Amino acid sequence: MNLNMPQLYYSKLMRAIVEFDMIQDGDHILLGISGGKDSIFLAYAMTILKQRLNKDFQLSALTINPQFKNEQGRPALFDIERAREFMAQLGIPYDIIDVDIAGTIAATQDKNPCYTCAFFRRGAINRYAMEHGVNKIAYAHHHDDAVETFLMGLLYSGQLHTFTPVTYLDRTQLTVIRPLVYFREKEIRKAIKIHGFDPVKSPCPHDGHTVRQEIKELIAKLEPQIPDLYEHLGSAMRQGALKELWPAAKSREEMRQTYFAYKNK
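Note that the coordinates shown come from a computational prediction; the quantities given were computed from them, not determined experimentally.

## A look at the nonpolar core
Here comes step 1: Core analysis: the largest hydrophobic core is formed by 47 residues, its most contacted members being M5, I23, I29, L31, L49 and M87.
Here comes step 2: Contributing elements (two or more residues each) for this core: helix 1 (7–19), strand 1 (28–32), helix 2 (37–52), strand 2 (58–65), helix 3 (81–90) and strand 3 (94–98).
Here comes step 3: With nine residues, helix 2 is the largest single contributor of residues to this core.
Here comes step 4: Apart from residues no more than four positions distant in its own chain, I29 is found in contact with I23, M46, F57, Q58, L59, S60, K136, A138 and I177.

Printed below as a string of structure tokens:
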């Protein structure tokens, strides 16, 4: 397979790899593959890195089949087998495992289905990684994902947070890396013409009807009114961006002494 990548794309990829020191000699990196445009581009990009970098590391890939069903109760169309051929062309060992995430979501309808899916998907990938001698897991989250997560945290939980480019998981001793963090989603969409793989449609019944989709649409709606909105959100999620904020809320016990000082003469 003839691999190529525009210099602008390769520069963005290398910026993330170098700035966050993502890859070391001896790494075995497991790629989380959904078959969508993002994860397919991740596999393509990591293969190029393996060819070009002065690093000795190993790649493998895994897809979790969540076993979603359609409205008729039959297995939803998940044309993931096409990804197997693509991974073979890239020379990446590839595996698909079934995890009954759909059943878990149905049994816990009081919880957000996206949270449940992500939680059990990550758990399955982590277990697979530990069983197969993997020390790093690479996900295809891009810059739009990070900005949307940051805004979701602010609006829905009152917290300023997003995922980090490199995350060490103490309990499993695995490291999660996100090599695509400097790519905009529209750039990855255009990259389909570069690698030539038609993305697999998500089998998720909630696809396109999530809180993340609402946040994506909110940003798109506000950008014409606030031209620098996206750039400002991207800057705000960096450490050191905080200026003047209120102090943390005090507990009743912490306020008690001050309260009585005001109440009693």
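## Thoughts on the pattern of salt bridges
Here comes step 1: Under the defined criterion, the tally for this structure stands at 14 salt bridges.
Here comes step 2: Among the salt bridges present, the one from E185 reaches K216, with a minimum N-O distance of 2.9 Å. One end of the pair, E185, is in helix 7 (residues 185–190); the other, K216, is in helix 9 (residues 211–222), and 31 residues separate them in sequence.
Here comes step 3: The class for E185 is buried, based on a relative accessible area of 12%.
Here comes step 4: Taking the relative accessible area as the measure of exposure, K216 reaches 25% and is therefore partly exposed.
Here comes step 5: What emerges from the salt-bridge pattern is a single network uniting K37, D38, E148, E185, R189, R212 and K216.

## Quick notes on the packing of helix 1 against helix 2
Here comes step 1: Relative orientation of the contacting elements helix 1 and helix 2 amounts to 80 degrees, with a least axis distance of 11 Å. In terms of axis orientation, helix 1 runs roughly perpendicular to helix 2. Contact residues: helix 1 offers Y9, Y10, L13, M14 and I17, while helix 2 offers F41, A45, I48, L49 and R52.
Here comes step 2: Across the contact of helix 1 with helix 2, the residue classes break down as nine nonpolar, no polar and one charged.

## Let's talk about the sheet that holds strand 2
Here comes step 1: The six strands are arranged 3-2-1-4-6-5 in an open sheet whose pairing can be described as mixed. Strands with a single pairing partner mark the edges of an open sheet, and in this sheet they are strand 3 and strand 5 (166–169). The sheet shows a mean angle of 25 degrees between the axes of neighbouring strands, direction not considered.
Here comes step 2: Of the pairings in the sheet, the one linking strand 5 to strand 6 (residues 174–177) comprises four bridges and is antiparallel in character. Paired with Y168 across the strands is T175, a residue of strand 6.
Here comes step 3: The sheet strands contacting helix 5 (residues 113–131) are strand 1, strand 2, strand 3, strand 4 (136–138), strand 5 and strand 6, and the helix crosses strand 2 at an angle near 140 degrees.

## Thoughts on helix 5
Here comes step 1: The first and last C-alpha atoms of helix 5 sit 27 Å apart over 19 residues, in line with the 27 Å expected at 1.5 Å per residue.
Here comes step 2: For helix 5, every residue scored as buried is listed here: T116, C117, A124, I125, N126, Y128 and A129.

## Things to note about the packing of helix 6 (residues 143–157) against helix 10 (residues 229–236)
Here comes step 1: Axis separation between helix 6 and helix 10 bottoms out at 9 Å; the angle between their running directions is 75 degrees. Relative to helix 10, the element helix 6 lies roughly perpendicular. Two secondary-structure elements touch here, helix 6 through H143, D144, V147, F150 and L151 and helix 10 through Y230, L233, G234 and A236.
Here comes step 2: Residues of the contact of helix 6 with helix 10, tallied by class, amount to six nonpolar, two polar and one charged.

## A word on the packing of aromatic side chains
Working definition: an aromatic ring pair is given by the centre-to-centre distance plus the angle between the planes.
Here comes step 1: Scanning all chains against the criterion turns up seven aromatic pairs.
Here comes step 2: For the ring pair Y9 and F183, a centre distance of 5.5 Å and an interplane angle of 70 degrees mean the geometry is edge-to-face. One end of the pair, Y9, is in helix 1; the other, F183, is in the loop between strand 6 and helix 7, with 174 residues separating them in the sequence.
Here comes step 3: A relative accessible area of 9% places Y9 in the buried class.
Here comes step 4: Judged by relative accessible area, F183 falls into the buried class, the value being 0%.
Here comes step 5: Between the aromatic rings of F41 and F183, the centroid separation amounts to 5.2 Å while the plane-to-plane angle is 75 degrees, which identifies the pairing as edge-to-face. Placement of the pair is F41 in helix 2 and F183 in the loop between strand 6 and helix 7, with a sequence separation of 142 residues.
Here comes step 6: Note on F41: relative accessible area 0%, which makes it buried.
Here comes step 7: Ring-pair connections join several aromatic residues into one group, and the members of that group are Y9, F41 and F183.

Reading the values: the criteria
Residues numbered from 1 in each chain as written. Predicted model: local features only at pLDDT ≥ 70, side-chain atom pairs only at ≥ 80, totals over all residues. Heavy atoms only, no water. Core = buried A, V, L, I, M, F, W, Y, C linked by side-chain atoms within 4.5 Å. Buried < 20%, exposed > 50% of the residue type's maximum accessible area, 1.4 Å probe, protein only. Helix = DSSP H or I, 4+ residues; strand = E, 2+ residues; numbered from the N terminus. Contact = heavy atoms within 4.5 Å. Salt bridge = Lys/Arg side-chain N within 4 Å of Asp/Glu carboxyl O. Axes fitted to C-alpha atoms, helices over the stretch in contact; angles between N-to-C directions. Parallel < 35°, antiparallel > 145°, perpendicular 65-115°, else oblique. Nonpolar A, V, L, I, M, F, W, Y, C, P; charged D, E, K, R; others polar. Pairing = 2+ DSSP bridges. Expected span 1.5 Å × (residues − 1). Phe/Tyr/Trp six-rings, centres within 6.5 Å; stacked < 30°, edge-to-face > 60°.

Worth remembering: the numbers are spatial, not functional.
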